[in-house]
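# Chains, contacts and geometry: an overview
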Amino acid sequence: MGVALLLIVITLVPLLCGTVIMRFMHTQNRSMAGMYASGWFVMFALFEVVAVPFIITKRSFHLMADVYTVVVLLVALVGAFFVKRVWVSLREQAANQEKSSRLCKIGYLVVGVLVIAQMVFLMFHQYYDGDDAYYVAVALDSFEKDVMYMHSAYTGYPYPEVEMRHALSPVPVWIAWLSKLSEIHPTIIAHTVLGPVFIGLMYLIYGLIGRRLLRDRKNWVPVFILFVMLFYVFGHVTIYTAETFAYTRTWQGKSMYANLVIPMMYLALLYVPDKKWGLGEWALMWVAIVSGAFCTSVSIFFGTVFIVIFGICLSFYRKEKRDIPGMIACLLPCLVLGLLYIRG
């Protein structure tokens, strides 16, 4: 039963949550891959919004987990309500598109085989680093003792106060939630499940970026993904590169930020300035910004700088007042979390 629930959470739930984003995006920006990828970021952002108040007020882990489960289910139900309309638009879009060439299909097949090979490799060949002592320990502490960030991950001694730097980026607690839901040990969830899933998600996001950049030459998208893959596979020039983190610390917050959140922010950046855009494009940017805070507290400040610079450039590109609410909405989470970080 637990394994079945876990499979639902990593397959069906992101699709339904992503449908909510896709429903309000312009038709030309909708896709099945975008639906699944954005759904993960909806889940990340919801956890940040739900979990942080519970952690700061020292509430129990099981109470927070129950509330988050209900919130995710409600969003998924809303997505299920929009499924039919979104799917109709996707079918119409597919019918109007030119068919991919034979070489393009072969390219996608090669990409799929290589990505699956990397996912299988990550599943059966584990790499352990020093941060495992922190991330897994915090997840296990939440899972077994029903507390969140109340004990030192290295010594086990209780903290006098919640450590705000880590409390604002509760990835280990989210891993504990998956463990609670599936009844699988947090270490197995982190290394065996999330590692391969996030590698597949990473390449999916880069595929969406490629389709956007090469929208007039979509047959070249597999080549774009293969070039990205080439950089990642041979990017282990030091232990500090994003490529190294992608394969050795896939499920840790810093790696998730570098290899999932920043590419998604860039994808949203490509969508928003388009003349044909809707509320969903700004919603995608918002969940990406909040997901960054979910992954690492550094994103709180980087996200602020990113939105300010993007807003200035956008104001020169097109002078539209309807962009202002979107920029303010993206800035607010960074400002609130930044104040909490400074006070903590």
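Calculation notes
- Starting afresh in each chain, residues are numbered from 1 along the sequence in its written order.
- With pLDDT at 70 or above as the cut-off, local features in this predicted model cover only qualifying residues; side-chain atom pairs require 80 or more to be listed or tallied, and sums for whole chains, interfaces and linings still use all residues.
- Computation of side-chain values covers all heavy atoms of the structure but excludes hydrogens and water.
- Put plainly, a pocket is an open set of points on a 1 Å grid over the protein atoms alone with protein on both sides within 12 Å along at least five of seven lines, a cavity is a set where a 1.4 Å probe fits but cannot get out, and a lining residue has an atom within 4 Å of a point.
- Grid points are joined across faces, edges and corners, and a volume is the space filled by probe spheres set on the points.
- In DSSP terms, a helix is any run of H or I states spanning at least four residues, a strand is any run of E spanning at least two, and both are numbered starting from the N terminus.
- When residues are grouped by polarity, Ala, Val, Leu, Ile, Met, Phe, Trp, Tyr, Cys and Pro land in nonpolar, Asp, Glu, Lys and Arg in charged, and all others, Gly among them, in polar.
- In a helix, the anticipated span is given by 1.5 Å times the number of residues less one.
- The bend reported for a residue corresponds to the angle between axes fitted to the seven residues ending at that residue and the seven starting there.
- Note on classification: 1.4 Å probe, protein chains only; a residue is buried when its accessible area is under 20% of the maximum for its type, exposed when over 50%, partly exposed between these limits.
- Any pair of Phe, Tyr and Trp rings, taking the six-membered ring for Trp, is counted once the centres come within 6.5 Å. Such a pair is stacked with planes under 30 degrees apart, edge-to-face with planes over 60 apart, and tilted for the rest.
- Put simply, a charge is over a ring when the Lys NZ or the Arg CZ is close to the ring centre, within 6 Å, and near the line of the ring normal, within 35 degrees.
- To define a nonpolar core, start from buried Ala, Val, Leu, Ile, Met, Phe, Trp, Tyr and Cys residues and group those joined through side-chain atoms within 4.5 Å.
- Only heavy atoms enter the contact rule, under which two residues are in contact if any of them lie within 4.5 Å.

### Some remarks on empty space enclosed by the protein
- Summed over the entire model, instances satisfying the criterion amount to three cavities of 30 Å³ or more.
- Roughly 80 Å³ of volume is contained in the largest cavity.
- As for the largest cavity, its lining consists of Leu 122, His 125, Gln 126, Tyr 127, His 191, Gly 195, Tyr 247, Thr 248, Arg 249, Thr 250 and Trp 251.
- Of all elements in the fold, only α8 (186-213) and α10 (242-248) reach the threshold of two or more residues within the lining of the largest cavity.
- Here the lining of the largest cavity is built from residues that sort into four nonpolar, six polar and one charged.
- In this model, the second largest cavity occupies a volume close to 40 Å³.

### Details of the layout of surface pockets
- Considered as a void within the structure, the largest pocket measures approximately 640 Å³ in volume.
- If you trace the largest pocket, you find 24 residues lining it, with Gln 93, Gln 97, Arg 211, Arg 215 and Lys 218 closest to the centre.
- Sorting the residues of the lining of the largest pocket by element identifies α3 (61-96), α4 (102-124) and α8 as the ones contributing at least two each.
- Residue classes in the lining of the largest pocket are distributed as four nonpolar, nine polar and 11 charged.
- Taken as a whole, the second largest pocket holds about 550 Å³ of empty space.
- Along the walls of the second largest pocket sit 23 residues, with Met 32, Ala 33, Leu 204, Leu 208 and Arg 211 positioned nearest its centre.
- The set of elements that each furnish at least two residues to the lining of the second largest pocket consists of α2 (32-56), α3, α4, α8 and α9 (221-233).
- Examining the composition of the lining of the second largest pocket, we find that eight residues originate from one element, α8, more than from any other.
- Per-class residue counts for the lining of the second largest pocket are 16 nonpolar, five polar and two charged.

### So, α2
- Spanning 25 residues, α2 covers 37 Å between terminal C-alpha atoms, matching the ideal 36 Å at 1.5 Å per step.
- Remark: the principal bend of α2, roughly 25 degrees, maps to Val 50, with a proline, Pro 53, within the next four residues.
- Burial runs high along α2: 20 of the 25 residues are buried.
- Trailing α2 by a residue or two, Lys 58 shows a phi angle of about 60 degrees, which is positive.

### Things to note about the packing of aromatic side chains
- What the rule picks out here adds up to 25 aromatic pairs.
- Centroid distance Phe 301 to Tyr 341: 5.5 Å. Interplanar angle 85 degrees. Geometry classified as edge-to-face. On the criterion of sequence distance, the pair formed by Phe 301 in helix α13 (residues 298-317) and Tyr 341 in helix α14 (residues 323-343) is long-range, its members being 40 residues apart.
- On the basis of relative accessibility, which here comes to 40%, the residue Phe 301 falls in the partly exposed class.
- Looking at Tyr 341, the relative accessible area reads 28%, which means it is partly exposed.
- Following the ring pairs from residue to residue traces out a cluster consisting of Tyr 36, Trp 40, Phe 41, Phe 44, Phe 47, Tyr 68, Trp 174, Trp 177, Phe 198 and Phe 294.
- Here the basic side chain of Arg 23 rests over the ring of Phe 82, its NZ or CZ set 5.5 Å away from the ring centre.
- Above the plane of the ring of Phe 245 lies Arg 249, whose end atom (NZ or CZ) is 4.6 Å from the centre.

### Here we look at the nonpolar core
- With 105 residues, the main nonpolar core has Trp 40, Tyr 68, Trp 174 and Phe 198 as its most contacted residues.
- Here this core gets 15 residues from one element, more than from any other, and that element is α2.
- The residues touching Tyr 68, leaving out its near neighbours within four places in the chain, are Met 43, Leu 46, Phe 47, Val 50, Trp 174 and Trp 177.
- Counting six residues, the second-largest nonpolar core is a separate cluster that includes Val 52, Ala 293, Ile 300 and Leu 337.

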